[in-house]
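# Structural features, examined
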Amino acid sequence: GAGVSQSPRYKVAKRGQDVALRCDPISGHVSLFWYQQALGQGPEFLTYFQNEAQLDKSGLPSDRFFAERPEGSVSTLKIQRTQQEDSAVYLCASSSYRAPVSETQYFGPGTRLLVL
Amino acid sequence: SQQGEEDPQALSIQEGENATMNCSYKTSINNLQWYRQNSGRGLVHLILIRSNEREKHSGRLRVTLDTSKKSSSLLITASRAADTASYFCATTNAGKSTFGDGTTLTVKP
């Protein structure tokens, strides 16, 4: 079946611009995760959802970052007033298991964000 | 900050050789997972080992876990050029996965 998809794959934004990144998880997957990956580093946890409930948003770096999953399927990560340090790859992952049970996460290809 | 730390940061070997990567972590875990990431792509899950397991195999992969030392190793046997990628360990606790900065493996044909 289809895997996790993300759009856009690439985004160039001017500093101060708002951006919205979309994640389509694997159909039926309950849990959805967002990560930020800087160049040359491993992914860093941002937030996760169980259905539409945002259970942990402790990794969001500032109040400019906001994530939602209103119907428990598609999720959007929004970054307001982008800064250069927001440049990174944003990865989405989904899992069929309910958090906090920790099982395999399936990752999307990521959205590469460049803030100029 | 990253909990998992992979060692070495980079590894270059000839095709057919074995590659061993290590991961250390700091806090208690439910399980530990290894992922592969090819350049410019998302992460691919390789293997999950639970905290009560000591060793696990999957094809050419062998993973060990030593919870007393808070460390894990990934062994890739009979490496192929297609194994060239970055490898990450991730520890998971309360639903939250923490990744190291990875080992970059280059397999020369």
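Remember, predicted model here, so these are calculated numbers, not experimental data.

### Quick notes on the overall build of chain B
For chain B, the helix and strand inventory stands at zero helices and 11 strands. Along chain B, helices and strands appear, N-terminal first, in the series β-β-β-β-β-β-β-β-β-β-β. For chain B, whose C-alpha radius of gyration is 13 Å, the value lies close to the compact-globule estimate of 13 Å for 109 residues. If one aligns the C-alpha atoms of chain B with their principal axes, the spans along those axes are about 40 × 25 × 20 Å. Here chain B, with 109 residues, has 45% of them falling under the buried criterion. Within the structure as shown, chain B displays about 5100 Å² of accessible surface, and the carbon and sulfur contribution to it stands at 44%.

### Remarks on the packing of aromatic side chains
Using the criterion set out here, one finds nine aromatic pairs over all chains in the structure. Ring geometry for Tyr35 of chain A against Phe45 of chain A: centres 6.2 Å apart, planes inclined by 75°, an arrangement best described as edge-to-face. Placement of Tyr35 of chain A in strand β4 (residues 31-37) and of Phe45 of chain A in strand β5 (residues 44-50) is noted, with a sequence separation of 10 residues between them. The exposure class of Phe45 of chain A is buried, given its relative accessible area of 8%. Pairing Phe107 of chain A with Phe99 of chain B gives two aromatic rings, centres 6.0 Å apart and planes at 80°, and the pair type is edge-to-face.

### Examining unusual backbone geometry
Cis rather than trans, the peptide bond between Ser7 of chain A and Pro8 of chain A has omega equal to -10°. Mapped onto the elements of the fold, Pro8 of chain A is located in the loop between β1 (5-7) and β2 (10-13). Here Arg81 of chain A, not a glycine, exhibits a phi torsion of approximately 45°, which is positive. Of note, Arg81 of chain A is situated in the loop between β8 (75-79) and β9 (88-95). For Arg81 of chain A, a relative accessible area of 42% puts it in the partly exposed group. Although it is not a glycine, Lys70 of chain B sits at a positive phi angle of roughly 50°. Mapped onto the elements, Lys70 of chain B comes out in the loop between β7 (61-66) and β8 (71-76). When its relative accessible area of 30% is taken as the criterion, Lys70 of chain B is described as partly exposed.

### Things to note about the state of the cysteines
Per the stated rule, a full pass over the model turns up two disulfides over all chains. Here Cys23 of chain A connects covalently by a disulfide to Cys92 of chain A, the sulfurs 1.8 Å from one another. Handedness here is read from the sign of the S-S torsion; for Cys23 of chain A and Cys92 of chain A, about -65°, the answer is left-handed. Placement of Cys23 of chain A in strand β3 (residues 19-24) and of Cys92 of chain A in strand β9 is noted, with a sequence separation of 69 residues between them. The buried category is assigned to Cys23 of chain A, whose relative accessible area is 0%. The disulfide that involves Cys23 of chain B links it to Cys89 of chain B, with 2.0 Å between the sulfurs. Sign of the S-S torsion, about 70° for the bond between Cys23 of chain B and Cys89 of chain B, identifies this disulfide as right-handed.

### Structural notes on the sheet that holds β1 of chain A
Residue and element names in this part refer to chain A. The strand order β1-β3-β8-β7 describes an open sheet built from four strands, whose pairing is antiparallel. The open sheet has two free edges, formed respectively by β1 and β7 (65-68), since each of these has just one partner strand. Adjacent strand axes in the sheet meet at a mean angle of 15° when their direction is disregarded. Sheet analysis places β3 next to β8, joined by five bridges and oriented antiparallel. Across the sheet, residue Ala20 finds its bridge partner in β8, namely Lys78.

### Description of the interface of chain A and chain B
The interface of chain A with chain B comprises 23 residues on the first partner and 23 residues on the second. At the boundary of chain A with chain B, total buried surface from both sides reaches about 1700 Å², with 47% on carbon and sulfur atoms. At the junction of chain A with chain B, the criterion picks out zero salt bridges. For the pair chain A and chain B, the interface holds three residue pairs in polar contact (both at pLDDT 80 or more). Where the side of chain A that touches chain B is concerned, the elements lending two or more residues are β4 and β5 of chain A. Looking at the side of chain A that touches chain B residue by residue, the class counts come to nine nonpolar, nine polar and five charged.

Criteria and cut-off values
Residues numbered from 1 in each chain as written. Chains lettered and ligands numbered in written order. Predicted model: local features only at pLDDT ≥ 70, side-chain atom pairs only at ≥ 80, totals over all residues. Heavy atoms only, no water. Helix = DSSP H or I, 4+ residues; strand = E, 2+ residues; numbered from the N terminus. Rg over C-alpha atoms; globule rule 2.2 N^0.38 Å. Buried < 20%, exposed > 50% of the residue type's maximum accessible area, 1.4 Å probe, protein only. Areas by Shrake-Rupley, 256 points an atom, 1.4 Å probe, with all protein chains shown as cover. Phe/Tyr/Trp six-rings, centres within 6.5 Å; stacked < 30°, edge-to-face > 60°. Disulfide = S-S within 2.5 Å. Pairing = 2+ DSSP bridges. Axes fitted to C-alpha atoms, helices over the stretch in contact; angles between N-to-C directions. Contact = heavy atoms within 4.5 Å. Buried area = accessible area lost by both parts, 1.4 Å probe. Salt bridge = Lys/Arg side-chain N within 4 Å of Asp/Glu carboxyl O. Polar contact = N/O pair within 3.5 Å; in protein donor to acceptor, adjacent residues only side chain to side chain. Nonpolar A, V, L, I, M, F, W, Y, C, P; charged D, E, K, R; others polar.

In short, geometric facts, not functional conclusions.
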